[in-house]
Amino acid sequence: MGNLEKKSMIEAEHFNHLNYIKKEPLSGSMDGMRYMLMKKSEGEKSYMEGIVWPEPLGYAKTPEEQKTRRCFALDVSGMTEAVEWLNEMYQKFWEE
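These notes cover the structure that comes with them. Just so we're clear, the structure is a prediction, and the values are computed from it rather than from any experiment.

Strand order in this open sheet of four strands is S1-S2-S3-S4, and the pairing throughout is antiparallel. A strand with exactly one partner marks an edge of an open sheet, and here the two such strands are strand S1 (26-30) and strand S4 (68-72). Across the sheet, the axes of successive neighbouring strands diverge by a mean angle of 20°, strand direction being ignored.

Below is the structure:
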């Protein structure tokens, strides 16, 4: 999308949704990029999964090959890493 100066999609200090994500998936969108953060479990171990994909379709209707996923710890440091990743993905989305 051209000469977009680097900016953050989400400011970590204002993105305090960890307790929500522990109970329900959190989804949102920004300028054509959709995202979801959700709690996942394998046995007794839980983690957070981040997923991004392009608009216009929602999660269920978007082909799997258009989704990018990454796993994070289900804690404050994982939330910080997830925000950084979402911002990186947003920048990559606009560079393509």
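So, next bit.
Let's shift gears to the packing of aromatic side chains. For the coordinates displayed, the defined rule picks out two aromatic pairs. Aromatic pair Trp53 and Tyr59: ring centres 5.5 Å apart, planes at 70°, arrangement edge-to-face. Looking at Trp53, the relative accessible area reads 5%, which means it is buried. By relative accessible area, Tyr59 is classed as partly exposed at 27%. Positioned over the ring face of Tyr59 is Lys67, at 3.6 Å from the centre of the ring.

The rules behind the values
Residues numbered from 1 in each chain as written. Predicted model: local features only at pLDDT ≥ 70, side-chain atom pairs only at ≥ 80, totals over all residues. Heavy atoms only, no water. Pairing = 2+ DSSP bridges. Helix = DSSP H or I, 4+ residues; strand = E, 2+ residues; numbered from the N terminus. Axes fitted to C-alpha atoms, helices over the stretch in contact; angles between N-to-C directions. Phe/Tyr/Trp six-rings, centres within 6.5 Å; stacked < 30°, edge-to-face > 60°. Buried < 20%, exposed > 50% of the residue type's maximum accessible area, 1.4 Å probe, protein only. Lys NZ or Arg CZ within 6 Å of the ring centre and 35° of its normal.

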